[in-house]
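# Observations on the three-dimensional arrangement
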Amino acid sequence: RMQNRNYLNNNNMQKGIALATCMAIVMGLFTGCGKKNDLQIAASPDEVQKGRYVETELSLPEEWKDKNISQIFRSGDELHFLVAGGSEGQTTLEEWKLGEGDTLTEVTKDWLKAFPEGKDLENSDSFTLLQDAEGNQYLYGNCYRDEESSSAHLWKEAGGSALDITPQKWLEPIDMDGYRFYDAPQYVTLTEDGLLVGLSYFSLDVVLAQDGSMVSSQESDSLIDSGTLADNKWVSAVGDTLYLAQADEQGSVNGLLQMQLDGNNGAKAKGVIPFSQDSYSSAYFSVLEDGTVYAADADGFFHCDAGDTNWQKLLEGIDTSFSMSDQWCRDIVALSDGSVYAWFGSESGDKIMIYRYDPDAVTEVTEELTLYTVEESFFLQQAAVQYHKQHPEILIHVDAAISMTDKYSGNADYQQIYQDLNTSLTSGNGPDLMVMDHLKLDTYASKGLLLD
């Protein structure tokens, strides 16, 4: 630990710093999310309480070995998957559902099986399958092939086959500054009133799912007062309320917008659920039919009751795969029983992580340490997660004086940071471990502030 202790000589000082630095490399962690309610960590075994969320990995079927997950979604109150596969430029699609005992069963409907040999599905696994209250299905695909023709398609299940009902707006090219592009949605969702809502970089389109006719279209910039729409996957429509994630100038999500869908007038502002991020990471949301919202990022898993604006932390980020830098989240889906499923991509392929409340699970952490680093580091964060997995009783908080957002925005005041660090060290309130990058090693050692 950092103590007021003099080194015997320069060699001992260097050995002490090397040891502290090595330990820091092994033990790094995102800071906890201070603006959301933190989990309480038991200080001793006598205070351990049972019951907490636990992360487990879903075992995927052998049939998916050479296929990719294209979508995870909620159908009724079941978790469904759209899986894409195929070879020689052809793509086939399958729908699967998760049942009791976490078993996966194929439930592909005939119209999806009868798709004409992947004719318009070539070289892509980017598809969204939608289903209305009557069980009618729709498929949206946007393959982004070239500038010569639009690759956006919307199909409707009709008499056991696929009927193309792509809105004309998505098929017409737009020329801007010498470039040609198609203003087709990146993300689509379906309302209970049979409206298909599509969001692109430029527009929010509302389409009548029955025949693909355009109901309304408005510029996406008109949906927000400040900032931008988050670039990761948007959320969903529940009833006549549309949920969109809003980001600040640095790209951090700062609110979940609630938009009122108003017939031919598109969407109007209805409310906002404030959100904040301590870590430099994407945030993902899932909204239940009753308006309950679940959120996840590298800070942890969070829950917000319907009609409320306060977030409750369910699980620390270090106990989730969101803290791992060698895999990336693509979407999350929550079910009414409180379970949440996260779809991750990695070099080894798709992974599905399950987050469920276990009434018998206990918090194993009995010791917490703090690691100070001047600049936030993915490397330290990854090392901390791996260390915690090997030693679940030890939790190391990384106190990064400069976030990646501040670093790249040029807002960091290094002089103030050094002054604050010196104050904490001389007052005896310093961290347990320090990374000496960006710090003058000799100066701190000569003042007797570092342990040999």
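You'll find the structure just up there.
Residues numbered from 1 in each chain as written. Predicted model: local features only at pLDDT ≥ 70, side-chain atom pairs only at ≥ 80, totals over all residues. Heavy atoms only, no water.

For the rest of this paragraph, the subject is the overall build of the protein chain. A count of helical and extended segments in the protein chain gives six helices and 30 strands. The buried share of the protein chain, taken over its 452 residues, is 50%. Contacts in the protein chain between residues at least 24 apart in sequence constitute 53% of all its contacts with a sequence separation of at least 6. Working note: accessible area of the protein chain is about 22,000 Å², and carbon and sulfur atoms make up 44% of it. (Helix = DSSP H or I, 4+ residues; strand = E, 2+ residues; numbered from the N terminus. Buried < 20%, exposed > 50% of the residue type's maximum accessible area, 1.4 Å probe, protein only. Contact = heavy atoms within 4.5 Å. Areas by Shrake-Rupley, 256 points an atom, 1.4 Å probe, with all protein chains shown as cover.)

All right, on to the sheet that holds strand E28 (residues 367-375) then. Read across the open sheet, the three strands follow the order E29-E28-E30; overall the sheet is parallel. Two strands lie at the open edges of the sheet, namely strand E29 (394-402) and strand E30 (433-434), each paired on one side alone. The pairing of E28 with E29 spans eight bridges and is parallel. Residue pairing for E29: Glu-368 is matched across the bridge by Leu-395. In the packing of helix H3 (residues 378-390) onto the sheet, contacts are made with E28 and E29, and the angle to E29 comes to roughly 170 degrees. (Pairing = 2+ DSSP bridges. Axes fitted to C-alpha atoms, helices over the stretch in contact; angles between N-to-C directions.)

Turning our attention to the pattern of salt bridges. Evaluation of the coordinates by the stated rule reveals eleven salt bridges. In this structure, Glu-78 engages Lys-97 in a salt bridge whose closest nitrogen and oxygen atoms are separated by 3.7 Å. One end of the pair, Glu-78, is in strand E3 (residues 78-85); the other, Lys-97, is in strand E4 (residues 92-98), with 19 residues separating them in the sequence. Relative accessible area serves as the criterion here: at 32%, Glu-78 is assigned to the partly exposed category. (Salt bridge = Lys/Arg side-chain N within 4 Å of Asp/Glu carboxyl O.)

What follows is about helix H5 (residues 414-426). Look at H5: 18 Å from first C-alpha to last across 13 residues, which is about the 18 Å you get at 1.5 Å a residue. Listed in full, the buried residues belonging to H5 are Ile-417, Leu-421, Ser-424 and Leu-425. Along the axis of H5, the buried positions cluster into a sector of 100 degrees, meaning they face one direction only. Among the exposed residues of H5, those oriented more than 90 degrees off its buried face are Gln-415 and Thr-426. (Expected span 1.5 Å × (residues − 1). Arc of directions from axis to C-beta.)

What follows is about H3. Side chains that are three or four residues apart share a direction in an α-helix, a result of its 3.6 residues per turn. Taking 1.5 Å per residue as the helical rise, H3 with its 13 residues ought to reach 18 Å, and the 19 Å between its terminal C-alpha atoms agrees with that figure. Three or more residues of H3 are buried, namely Leu-380, Gln-381, Gln-382, Ala-383, Ala-384, Val-385, Tyr-387 and His-388.

Phi angles above zero are rare outside glycine, and Asp-102 is one such case at about 60 degrees. With respect to the helices and strands, Asp-102 occurs in the loop between E4 and strand E5 (104-106). Of note, Asp-177 is a non-glycine position whose phi angle comes to about 55 degrees, a positive value. The residue Asp-177 is located in the loop between strand E10 (173-176) and strand E11 (179-182) in this model.

Once that is clear, we can look at a nonpolar patch on the surface. On the surface, Ile-174, Met-176, Tyr-201 and Phe-202 cluster together to form a nonpolar patch covering roughly 420 Å² of accessible area. Relative to the helices and strands, Tyr-201 is located in the loop between strand E13 (195-199) and strand E14 (203-208). (Patch = residues over 30% accessible without salt bridge, like charges linked within 9 Å, V, L, I, M, F, W, Y side chains within 5 Å.)

What follows deals with the packing of aromatic side chains. A full pass over the atoms with the stated rule returns 14 aromatic pairs. An angle of 50 degrees between the planes, with centres 6.3 Å apart, marks the rings of Phe-285 and Trp-311 as tilted. Within this pair, whereas Phe-285 is found in strand E21 (residues 284-287), its partner Trp-311 is found in the loop between strand E23 (300-304) and strand E24 (312-316), the two being separated by 26 residues in sequence. Exposure remark for Trp-311: the relative accessible area of 6% places this residue in the buried category. Geometrically, the ring pair formed by Phe-301 and Tyr-355 is tilted, given 4.3 Å between the ring centres and 45 degrees between the ring planes. Taken as a pair, Phe-301 in strand E23 and Tyr-355 in strand E27 (residues 351-362) lie far apart in primary sequence, 54 residues in all. Accessibility classification places Phe-301 together with Tyr-355 in one group, the buried group. (Phe/Tyr/Trp six-rings, centres within 6.5 Å; stacked < 30°, edge-to-face > 60°.)

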